[in-house]
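Notes for the structure review
Okay, here's what each chain looks like letter by letter:
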Amino acid sequence: FFQKTLLAVKGWFTLFGWPKGQNPISIPHSLRRDVCKVQMTVAQDKVFTRNLGKDKGFCEMVFNLNGDSLPGITASQSLSLEPTERMLQLHWQHSALLSFLKSQGACLPHVMPEFLLEPEDYKIWIKVKKERTLLKVDRFGDEHVFVLEDSMFETMSKRAWTDVLLQIYKVFVLRRVSSRSRTDPSSLESLQNMPRIKSNLLASNIYSPYERTILTWLNKHYEENRKIVWKDCQKGGVPPRRWIVNFDRDLLDGLVLAAQVAAYCPYLIATHFIRMYTDPKTHQQFLHNCLIFVKALRAVGLNIDIKV
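Residues numbered from 1 in each chain as written. Predicted model: local features only at pLDDT ≥ 70, side-chain atom pairs only at ≥ 80, totals over all residues. Heavy atoms only, no water.

For the chain, the name recorded in an unreviewed UniProt entry is CFA47 protein, with Sclerurus mexicanus as its organism.

See below:
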């Protein structure tokens, strides 16, 4: 499950996270390497300088999605060549990143700044942490030193960076969803008996108000279009009314997603959606519907690498 989530996150940020087109990322390797780093030491005797004209750093992505840079952090700052001082600078940067995301509504209590470091910097952090704990001058606060083995650190770092990206999507992208609607008066009759999804903050402990606004949008277009899209369907007729309350089970058969696309691209009805099963029972029928939906996306140029 986590691997599928990681691949989905990597795909979205690769395609849409950057201001000038696609930029392939790897989690956590490219993110750990590029977090606002202009100058860093690769080894004791080497110095690596980022080419700002070619490299796309993490800060550039955050600026693109947020519309502003992180408070106190700029892409032009350089890091110390001294390993311990560089680690302290990076630890501070990660702390600032996490604090800023939390102030915007991100839920990241389980992600520590040290989990976002490079493995070599993490080892330095452990060493400094132990030394300062013994001297009782620990600037990191907690007296307990929680040490991860190399393999476990990589697992934790990958999970931490994945969760950071998910929360960045939540607070910078989902918040753009507007609750304003322009419902066609002619469609009010078909919608008046449809259950409503409350968008207030305390209405759900699973979905945010923005996600519930999207669920409302899904319900609206499905109810408005199901009789239009599949009125001449030969594989089940018009699908029944449904209440869409989640983003997994209610979208599995492809019908709800097809209704959304048909609302904006009605010309795809005759070429694609009319061939869908409106009451799918088998795995093959579910697969058939999703194949048609993905082909429809590609037909209008939305080739965003979604697997059937």
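So, next bit.
Our focus in this paragraph is the packing of helix H1 (residues 2-16) against helix H6 (residues 150-173). The interhelical angle for the contact between H1 and H6, taken along N-to-C directions, is 50°, at an axis separation of 10 Å. One element, H1, and the other, H6, form an angle in the oblique class. Of the two elements, H1 crosses H6, and the hand of that crossing is left-handed. Residues Phe 2, Thr 5, Leu 6, Val 9, Trp 12 and Phe 13 of H1 lie in contact with H6, whose contacting residues are Lys 158, Arg 159, Thr 162, Leu 165, Leu 166, Ile 168, Tyr 169 and Val 173. Among the residues forming the contact of H1 with H6, the class breakdown is 10 nonpolar, 2 polar and 2 charged. (Axes fitted to C-alpha atoms, helices over the stretch in contact; angles between N-to-C directions. Helix = DSSP H or I, 4+ residues; strand = E, 2+ residues; numbered from the N terminus. Parallel < 35°, antiparallel > 145°, perpendicular 65-115°, else oblique. Left-handed = near helix turned anticlockwise from the far one by under 90°. Contact = heavy atoms within 4.5 Å. Nonpolar A, V, L, I, M, F, W, Y, C, P; charged D, E, K, R; others polar.)

Residues Lys 235, Arg 275, Lys 295 and Arg 298 make up a contiguous surface patch of positive charge. Mapped onto the elements, Lys 295 comes out in helix H11 (residues 283-299). (Patch = residues over 30% accessible without salt bridge, like charges linked within 9 Å, V, L, I, M, F, W, Y side chains within 5 Å. Areas by Shrake-Rupley, 256 points an atom, 1.4 Å probe, with all protein chains shown as cover. Salt bridge = Lys/Arg side-chain N within 4 Å of Asp/Glu carboxyl O. Lys, Arg positive; Asp, Glu negative; His and termini not counted. Charge placed at Lys NZ, Arg CZ, Asp CG, Glu CD.)

Time to look at the pattern of salt bridges. Under the defined criterion, the tally for this structure stands at 10 salt bridges. Ionic pairing is found between Glu 224 and Lys 220, a salt bridge with its closest N-O pair at 3.2 Å. Pair noted here: Glu 224 and Lys 220 are both in helix H8 (residues 209-229), with a separation of 4 residues, about one helical turn. Overlapping salt bridges, with partners in common, bring together Arg 32, Glu 118 and Glu 154 in one network.

Bringing unusual backbone geometry into the picture now. Most peptide bonds adopt trans geometry, and most residues besides glycine take a negative phi value. Backbone torsion omega between Ile 27 and Pro 28 reads 10°, so that peptide bond is classified as cis. Within the secondary structure, Pro 28 sits in the loop between H1 and helix H2 (29-34).

Right, let's get into the nonpolar core. Of all hydrophobic cores here, the largest spans 41 residues; its most connected members are Phe 58, Leu 101, Val 164, Leu 165 and Ile 168. Mapped by element, the contributors of at least two residues to this core are H1, helix H3 (58-66), helix H4 (83-103), helix H5 (119-134) and H6. With 9 residues, the top contributor of residues to this core is H6. Once residues within four sequence positions are removed from consideration, Leu 165 is found in contact with Val 9, Phe 13, Ile 25, Ile 27, Leu 31, Phe 58 and Met 61. (Core = buried A, V, L, I, M, F, W, Y, C linked by side-chain atoms within 4.5 Å. Buried < 20%, exposed > 50% of the residue type's maximum accessible area, 1.4 Å probe, protein only.)

The next thing to look at is H11. Since the α-helix turns once every 3.6 residues, residues separated by three or four places project in the same direction. Here H11 is 17 residues long and its end C-alpha atoms lie 24 Å apart, about the 24 Å a rise of 1.5 Å per residue gives. Of the residues making up H11, those classed as buried are Gln 285, Asn 289, Cys 290, Ile 292, Phe 293, Val 294, Ala 296 and Leu 297. In this structure, the buried side of H11 is in contact with helix H9 (255-264) and helix H10 (268-271). Where H11 ends, the next residue or the one after it, Gly 301, has phi of about 85°, a positive value. (Expected span 1.5 Å × (residues − 1).)

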